Amino acid sequence: VVETGPVTKAEMWNRLTTFLERIVPRAEKAGVKLAMHPDDPPCDELRGTGRILNSHEGLKRLVETVPSPNNGLEFCQGTVAEMGPDRAIDAIRYFGGLKKIFYVHFRNVRGRFPKFDEVFIDEGDVDMLEAMRTYKEVGFEGVLVPDHSPRVAGDTPFRHRGMAHALGYMKALMKAVEAENEE
């Protein structure tokens, strides 16, 4: 690890803004979408560096800093839930409504930062059926992937069993939401 000294939040915003102002027009020209992941965990500072994508307000500022259909979020639902599970669905609705969710880490947590646990997809504080309904409601058409599955006894280092559980659960949620929309 290279120590660089303290970096304030203001300096981090300055650096990110400079980067986005330079790269977003090129991304637009190339047809590439830029998707930022929120700070995980969503703390204020880490090793002397200010963290700026650690709140709903920070994520809003990110997409407003350089407005573009190519500047958005790699929406880590678990990290957003760490910011306050009670607001995760609202965040899906807000950012999804703006078409700023380009990719989703579909996971769940119990608790909120700084005291939270990464749990199986069906055990956390976020109502995952409601989350799936909300992605459908906002017209999200991107990729949803499981993320951070807990370890299962006898599992592989890549957590294949936990991921298989999450994928099966996600598929069932998708089918349930589709069936609701057919009624």
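Here's a quick rundown of the structure. (Residues numbered from 1 in each chain as written. Predicted model: local features only at pLDDT ≥ 70, side-chain atom pairs only at ≥ 80, totals over all residues. Heavy atoms only, no water.)

### Re the overall build of the chain
Looking only at helices and strands, the chain features 6 helices and 8 strands. From first element to last, N terminus to C terminus, the chain shows the α and β order α-β-β-β-α-β-α-α-β-β-β-α-β-α. Relative to a compact globule of 183 residues, whose C-alpha radius of gyration would be 16 Å, the chain shows 17 Å and is just as compact. With the C-alpha coordinates aligned to their principal axes, the bounding extent of the chain is approximately 45 × 35 × 30 Å. Looking at the chain as a whole, 41% of its 183 residues are labelled buried. Across the chain, the fraction of contacts at a sequence separation of at least 24, relative to all contacts at a separation of at least 6, is 70%. Counting every atom, the chain has about 10,100 Å² of accessible surface; 55% of that belongs to carbon and sulfur. Each charge class in the chain can be summarised by its mean position, and for the 25 positive and 29 negative side chains these summaries are 5 Å apart. (Helix = DSSP H or I, 4+ residues; strand = E, 2+ residues; numbered from the N terminus. Rg over C-alpha atoms; globule rule 2.2 N^0.38 Å. Buried < 20%, exposed > 50% of the residue type's maximum accessible area, 1.4 Å probe, protein only. Contact = heavy atoms within 4.5 Å. Areas by Shrake-Rupley, 256 points an atom, 1.4 Å probe, with all protein chains shown as cover. Lys, Arg positive; Asp, Glu negative; His and termini not counted. Charge placed at Lys NZ, Arg CZ, Asp CG, Glu CD.)

### Section: the packing of helix H2 (residues 56-65) against helix H4 (residues 88-97)
Running from N to C, H2 and H4 point in directions that differ by 5°, and their axes come no closer than 12 Å. Classified by the interaxial angle, the pair formed by H2 and H4 is roughly parallel. Residues His56, Leu59, Lys60, Val63 and Glu64 of H2 form the contact with H4, whose own contacting residues are Ala91, Tyr94 and Phe95. (Axes fitted to C-alpha atoms, helices over the stretch in contact; angles between N-to-C directions. Parallel < 35°, antiparallel > 145°, perpendicular 65-115°, else oblique.)

### Quick notes on the pattern of salt bridges
With the rule as written, the count across this model stands at 12 salt bridges. Note that Asp44 and Lys9 form a salt bridge whose closest N and O atoms lie 3.3 Å from each other. Here the residue Asp44 occupies a position in the loop between strand E1 (34-36) and strand E2 (45-46), and Lys9 occupies one in helix H1 (residues 9-30), the gap between them amounting to 35 residues. (Salt bridge = Lys/Arg side-chain N within 4 Å of Asp/Glu carboxyl O.)

### Here we look at the packing of aromatic side chains
For the coordinates displayed, the defined rule picks out 4 aromatic pairs. With a centroid separation of 5.6 Å and an interplanar angle of 55°, the aromatic rings of Tyr135 and Phe140 are classed as tilted. Both residues of the pair, Tyr135 and Phe140, count as buried. An aromatic cluster is defined as three or more aromatic residues linked by ring pairs; in this entry it consists of Phe75, Phe106, Tyr135 and Phe140. (Phe/Tyr/Trp six-rings, centres within 6.5 Å; stacked < 30°, edge-to-face > 60°.)

### Remarks on the pairing of strand E6 (residues 108-112)
Pairing analysis gives 5 bridges linking E6 to strand E7 (residues 115-119), with the strands arranged antiparallel. Each residue of the ladder has a partner; that of Arg110, found in E7, is Asp117. As consecutive antiparallel partners, E6 and E7 are separated by 2 residues. (Pairing = 2+ DSSP bridges.)

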